[in-house]
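In case you want the letters, here they are:
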Amino acid sequence: MFFIDTIELEGLGNRSYLAGGREAAVAVDPPRDVDQVLAAAARRGVRITHVVETHIHNDYVTGGLELARLTGAAYLVPAGARVSFARVPVSDGDAVTVEGELELRAVATPGHTPHHTSYVLREQGRPVAAFTGGSLLIGTVGRPDLVEPRLTERLARAQHASAHRLAAELPDETSVLPTHGFGSFCSSAQAEGDATTIGKEKSVNAALTTDVDSFVARLLAELDDVPAYYTHMGPANAAGPAPVDLTAPAVADAREIAARLAAGEWVVDLRNRVAFAEGHVAGSFNFEADGKLATYLAWMIPWGKPVTLLADSREQLASAQRELVRVGIDRPAAAATGAPQEWVAEGDDLVSFPRSTFAGLAERGTDGVVVLDVRRDSERATGYVAGSVHIPVHQLHQRLDEVPAGTVWVHCAGGMRAAIAASLLHAAGRKVVAVDDGFDSATEAGLTVVTG
């Protein structure tokens, strides 16, 4: 008998896995906060004997090295990955015994990276699951453009070949368990559905249903923006990440918050966007703790700039810290929790800005205001409000001077990114209205939406 437990990393759109038998287990692509992997093993009553990486990750800092150190497990890393730490190099066809007749076999599947390796879990010689990392995903594949531009087309072709190899060598009923594809920008598209098998992928995955030239052309044409912080993840993982420190940061009072803002540091309010709009510290930015905090804060903040976190509660702060260490933002400079009135000096007031909907914009009319679309290029290509200005939210901090004069009605696809953008604009002294609405409502409201 074997088990496979999935460890969800919802904020980053990834999954990690713990798989094993009665006494031993292997951890696949573990997150940097390894305590949850250790807890999963404890619940199963198993010892982690092997930790494996499918590749050197570009979208998060791995916990593999630390997990192997803490457990004494063998740390398996693809032999082609250039790293600065001791590990067990894994080549195509290598196999390790997890327990009894449960083994893990390496299958070279280059494409997401040149050294990418999948791992097939076999019970009594029969494949039961494939941990495919950034190779074969649910309905798609991992993107091939994160390593080096001159390798992109070659890696795209390798993705096609690797998908076909897995499909040819594994039974249709084999479960496909990828790391990426659940919101991660490491995926070339997002997963449709929660689970899949080799047989299902043969009928729905473009890598397995189209010829290589058509597949590569489509894949390269549909590649989306790359978060800026990805530049730092690969080198950090190759060097060997340090252990994390999740202890509470130093407490910042109102005077320190003001001083940090005056020094040009980032003060990030983690509260929901409704509460933030109603009242917040002037100059602070709103990155909701329940949104894609790690992705967008790491994408937008100048790398290495000190950040102070403001949170509703200690629990919200601790959750945010956990999210941020996964992308290399290791220690907040300071933090405060509680009511926002406690974050401003005596005699100072909280500031606010209005929220609305596309119906509210249609009622007001677009004449005399700036409609700012902060979605990505790929989203805007599907349709946009006539006359709107387009600056993707991840570029806005560097392009504030390009926003025309006037009150800015800022929107995205749902409201979260509009709140981020509105907070940046408001901190810069602009009059803003945050459109907290789904983009489909623009047409329903009677606004002119340009398509095609």
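Within each chain, residue numbers correspond to sequence positions counted from 1 in written order. The predicted nature of this model means local features are confined to residues of pLDDT at least 70 and side-chain atom pairs, given and counted, to a pLDDT of 80 or more, with totals for whole chains, interfaces and linings taken over all residues. With hydrogens and water excluded, all non-hydrogen atoms of the structure serve as input to the side-chain values.

Visitor: How should the nonpolar core be read in this particular structure?
Guide: One broad trend across soluble globular proteins is that nonpolar side chains are buried collectively. For our purposes a nonpolar core is just a set of buried Ala, Val, Leu, Ile, Met, Phe, Trp, Tyr and Cys residues, chained together by side-chain atoms within 4.5 Å. Working definition: with a 1.4 Å probe on protein chains only, accessible area under 20% of the residue-type maximum means buried, over 50% means exposed, and in between means partly exposed. With 53 residues, the main nonpolar core has Trp266, Phe287, Leu297, Leu309 and Leu372 as its most contacted residues. Take this core: its biggest share by element is seven residues, from helix α10 (residues 293-300). With near-sequence residues (within four places) excluded, Leu309 lies in contact with Val268, Leu270, Leu317, Ala320, Leu324, Pro332, Ala334, Ala335 and Ala336. Core analysis: the second largest hydrophobic core is formed by 21 residues, Ala27, Ala41, Tyr75 and Val83 among them. Think of it this way: any DSSP run of H or I at least four residues long counts as a helix, any run of E at least two long counts as a strand, and we number them from the N terminus. Contacts are assigned to residue pairs with any non-hydrogen atoms lying within 4.5 Å of each other.

Visitor: Quick question: what am I supposed to make of the packing of aromatic side chains here?
Guide: For any two aromatic rings, the description comes down to two numbers: the centre-to-centre distance and the angle of the planes. Centres within 6.5 Å are what make two rings of Phe, Tyr or Trp a pair, Trp counting through its six-membered ring; a difference in plane orientation under 30 degrees is then read as stacked, over 60 as edge-to-face, and the rest as tilted. Tallied over the full model, the rule gives nine aromatic pairs. Relative to Phe85, the ring of Tyr75 lies with its centre 5.7 Å away and its plane at 20°, an arrangement referred to as stacked. Separated by 10 residues along the polypeptide, Tyr75 in strand β5 (residues 74-78) and Phe85 in the loop between β5 and β6 (88-90) bring together distant segments of the chain. Phe85 shares its class with Tyr75; the two are buried. Here the aromatic residues Phe185, Tyr296 and Trp299 are joined through ring pairs into a cluster of three or more. Residue placement shows Arg15 over the ring face of Phe182; its charged tip is 3.9 Å from the ring centre. The aromatic ring of Phe439 is capped on one face by Arg375, whose charged end is 4.0 Å from the ring centroid. Remark: a charge is flagged as sitting over a ring if the NZ atom of Lys or the CZ atom of Arg is within 6 Å of the ring centre and within 35 degrees of the ring normal.

Visitor: Looking at this structure, how should I read unusual backbone geometry?
Guide: Glycine aside, residues mostly have negative phi angles, and peptide bonds mostly take the trans form. A positive phi angle is found at Asp29, which is not glycine, with a value near 50°. Relative to the helices and strands, Asp29 resides in the loop between β3 (24-28) and α1 (35-44). One non-glycine residue, Gln124, lies in positive phi territory at about 55°. Along the chain, the position of Gln124 falls in the loop between β9 (117-123) and β10 (126-133).

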